[in-house]
Amino acid sequence: AIKNIYPNPFNPVVSIEFEIRESSDIKFTFYNIIGKNVGEYDYGYTQAGIHKFTWNPNLSSGTYFISMADNKNNLSRRKVTLIK
């Protein structure tokens, strides 16, 4: 699950902290407010535990959704706001 996103709102980089309970392939997908896919990040095979990475999108100001999925179809979604 996505545990923490900071800062939120952000400019220009946001840190995404997430936790997984079992080792798994992890993929993040980023959507705009109307549901259009605006980016993907394949984190790859990851051991159980807490992890984080930074997202530095080249997008306009607005609200975006971050979706995290593992290879067992577990999903976690969070909303962020980019302010330029």
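(A) Representation of the nonpolar core within the structure. Membership of the largest hydrophobic core comes to 18 residues, with the highest contact counts inside it found for I16, F28, W55 and I66. Listing elements by their share of this core, those giving two or more residues are β1 (2–6), β2 (14–20), β3 (24–32), β5 (49–55), β6 (62–70) and β7 (75–82). The biggest single contributor to this core is β2, with four residues. With residues up to four places along the chain from it excluded, the contact list for W55 reads F10, P12, V13, V14, I16, F30, Y64, I66 and V80.

(B) Molecular detail of the sheet that holds β7. Reading across from one edge, β4-β3-β6-β7 is the order of the four strands in this open sheet, with antiparallel pairing throughout. The sheet is open, and its two borders are formed by β4 (37–46) and β7, each paired with just one other strand. Ignoring which end each strand starts from, the neighbouring axes of this sheet average 20° apart. Where β6 lies against β7, eight bridges are found, and the strand directions are antiparallel. Directly across from I66, in β7, lies its bridge partner R78.

Cut-offs used in this document
Residues numbered from 1 in each chain as written. Predicted model: local features only at pLDDT ≥ 70, side-chain atom pairs only at ≥ 80, totals over all residues. Heavy atoms only, no water. Core = buried A, V, L, I, M, F, W, Y, C linked by side-chain atoms within 4.5 Å. Buried < 20%, exposed > 50% of the residue type's maximum accessible area, 1.4 Å probe, protein only. Helix = DSSP H or I, 4+ residues; strand = E, 2+ residues; numbered from the N terminus. Contact = heavy atoms within 4.5 Å. Pairing = 2+ DSSP bridges. Axes fitted to C-alpha atoms, helices over the stretch in contact; angles between N-to-C directions.

Honestly, it's all geometry; don't read function into it.
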